Amino acid sequence: MDKLKGRDLLSLADLSSDELKELLQLAAQLKSGQVNLKCNKVLGLLFSKASTRTRISFTVVMYQLGGQVIDLNPNVTQVSRGEPLVDTARVLDRYLDILAIRTFEQKDLEIFANYTQIPVINALTDREHPCQVMADLLTIQECFGHLDGLTLSYFGDGNNVANSLLLGCATVGMNIRIATPPDYLPNMEIVGQAKEIAQGASEVLITNDPQEAVREANVLYTDVWASMGQDSEAKSRIPIFQPYQVNEQLVESAADDVIVLHCLPAHRDEEITDAVIEGERSRVWEQAENRMHAQKALLASLLGSD
Ligand code: CP
Ligand code: NVA
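Residues numbered from 1 in each chain as written. Chains lettered and ligands numbered in written order. Predicted model: local features only at pLDDT ≥ 70, side-chain atom pairs only at ≥ 80, totals over all residues. Heavy atoms only, no water.

A few points about helix α7 (residues 188–198)
For α7, the full list of buried residues reads I190, V191, A194 and A198. Seen end-on, α7 carries its buried residues on one side only, within an arc spanning 105°. Exposed residues pointing more than 90 degrees away from the buried face of α7 are listed as E189 and E196. In the core, the buried residues of α7 are packed alongside α6 (160–171) and β7 (204–207). Sitting at the head of α7, N187 places a side-chain oxygen 2.9 Å from the backbone nitrogen of E189. The positive-phi residue at the C-terminal boundary of α7 is Q199, with phi of around 50°. (Buried < 20%, exposed > 50% of the residue type's maximum accessible area, 1.4 Å probe, protein only. Helix = DSSP H or I, 4+ residues; strand = E, 2+ residues; numbered from the N terminus. Arc of directions from axis to C-beta. Contact = heavy atoms within 4.5 Å. Polar contact = N/O pair within 3.5 Å; in protein donor to acceptor, adjacent residues only side chain to side chain.)

What follows is the structure, given as structure tokens:
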């Protein structure tokens, strides 16, 4: 994967179909132990939002690779006191080998990418969550043995996860359907990008009708109805999103071999029922584990191994 060395991952659109598939293959090989890589480098985590999975999985795999991690909590850096991002970026560039950033605005992530030479990884913005979707695709590949031609149907808010699913599924030849309330569509620029990537060979469907989305679906996916930064809207959104809940009835309407994914954290009995997340179709714990394997492949590819 030398062709990824030194590059950024700001969006899943940064990866070609071959590059994404090769990353998933490397992740599977790292998980099985068939491949063992070492990479004695330093990863910085600059997270302006809470995180359990992303923060800890990046930390654990960097240690497994033989590298080190510095948690750059913005509250204890000068970022919290208003030091310009362009200055912070140029300084961190000289200390670190790679930087994973979780923030609000995609443009802040782009500032870091533009003012550093080191690889910058999107660890979640309001626009995208590419690391999550790499792990999701790895999970689907493990469950079905392939990705091409499968249908993933997402129900709920057209948020960062939905946007990255659009790009990720289109890139690997999966059909992607997004069912949201009318005022909560995914990013339409990303929908256009996904259609361009799919080139009509796979489906990209945006609908307000959960029944239209669920037919013959192999993967049902949902995420919280109010993302980080939207907490004040959480209560008022509940009745709007209720028809998009992933519940046993919806699971019954999908393909017989359907699996259910959720990026977590989940709000049980809001976007997903307790019965479904704990049920036999759920693969959410495998999905959470795969954050490690996918990100280990990503780190080793962007940094190059020793
Ligand atoms: N799914 C995910 O990114 O989880 P965290 O917010 O806990 O990192
Ligand atoms: N859409 C959610 C994902 C959390 C992993 C959020 O941005 O809060």
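Structural notes on the packing of helix α3 (residues 85–95) against helix α4 (residues 106–114)
Packing of α3 against α4 leaves a shortest axis separation of 8 Å and a crossing angle of 45°. Classified by the angle between their axes, α3 and α4 sit oblique to one another. Of the two elements, α3 crosses α4, and the hand of that crossing is right-handed. On α4, the residues that touch L85, V86, T88, A89 and L92 of α3 are D108, I111 and F112. A per-class count over the contact of α3 with α4 returns six nonpolar, one polar and one charged. (Axes fitted to C-alpha atoms, helices over the stretch in contact; angles between N-to-C directions. Parallel < 35°, antiparallel > 145°, perpendicular 65-115°, else oblique. Left-handed = near helix turned anticlockwise from the far one by under 90°. Nonpolar A, V, L, I, M, F, W, Y, C, P; charged D, E, K, R; others polar.)

Thoughts on the packing of aromatic side chains
Scanning the model with the defined rule gives three aromatic pairs in all. With a centroid separation of 6.0 Å and an interplanar angle of 35°, the aromatic rings of Y154 and Y221 are classed as tilted. In this pair, Y154 sits in strand β5 (residues 151–155) while Y221 sits in strand β8 (residues 219–222), placing the two residues 67 residues apart along the sequence. With respect to burial, Y154 and Y221 carry one shared label: buried. Taken together, the aromatic side chains of Y184, W225 and F241 make up a single cluster linked through ring pairs. In this structure, K49 packs its charged tip against the face of F104, placed 4.5 Å from the ring centre. (Phe/Tyr/Trp six-rings, centres within 6.5 Å; stacked < 30°, edge-to-face > 60°. Lys NZ or Arg CZ within 6 Å of the ring centre and 35° of its normal.)

Describing the site of ligand 2
Around ligand 2, the surrounding shell consists of L124, N159, N160, D223, V224, S227, M228 and L264. At 3.3 Å from a nitrogen atom of ligand 2 is found a side-chain nitrogen or oxygen belonging to N159. Between ligand 2 and N160, the relevant distance is 2.9 Å, taken from an oxygen atom to a side-chain nitrogen or oxygen of the residue. Coverage of ligand 2 by the protein amounts to 95% of the 270 Å² it exposes when considered alone. Cavity membership is defined here by more than half of the atoms lying within 2 Å of grid points; on that basis ligand 2 lies in the largest pocket. (Near = heavy atom within 4 Å. Areas by Shrake-Rupley, 256 points an atom, 1.4 Å probe, with all protein chains shown as cover. 1 Å grid on protein atoms, 1.4 Å probe; cavity = no way out; pocket = protein on both sides within 12 Å on 5 of 7 lines; lining within 4 Å. Sits in = over half its atoms within 2 Å of the grid points.)

Focus on the sheet that holds strand β3 (residues 98–102)
Strand order in the open sheet formed by four strands is β2-β1-β3-β4, and the pairing between neighbours is parallel. What marks the edges here is a single partner per strand, and that holds for β2 (68–71) and β4 (120–122). Each strand of the sheet is rotated relative to its neighbour by a mean of 20°, with strand direction disregarded. When strand β1 (residues 42–47) meets β2, the two strands line up parallel, connected through four bridges. Bridge pairing in β2 links L45 to D71. Running at roughly 165° to β4, α4 makes contact with β1, β3 and β4 of the sheet. (Pairing = 2+ DSSP bridges.)

Side note on the layout of surface pockets
Its boundaries defined by the atoms lining it, the largest pocket holds a volume of some 430 Å³. Along its surface, the largest pocket is lined by 26 residues, and D223, V224, M228, L264 and P265 are the ones closest to its centre. Elements represented by at least two residues in the lining of the largest pocket include exactly α2 (53–64) and α6. Estimates place the volume of the second largest pocket at around 150 Å³. Elements supplying a minimum of two residues to the lining of the second largest pocket: α10 (248–253) and α11 (274–277). In terms of residue class, the lining of the second largest pocket is made up of three nonpolar, one polar and four charged. (Points joined across faces, edges and corners; volume = space filled by probe spheres on them.)

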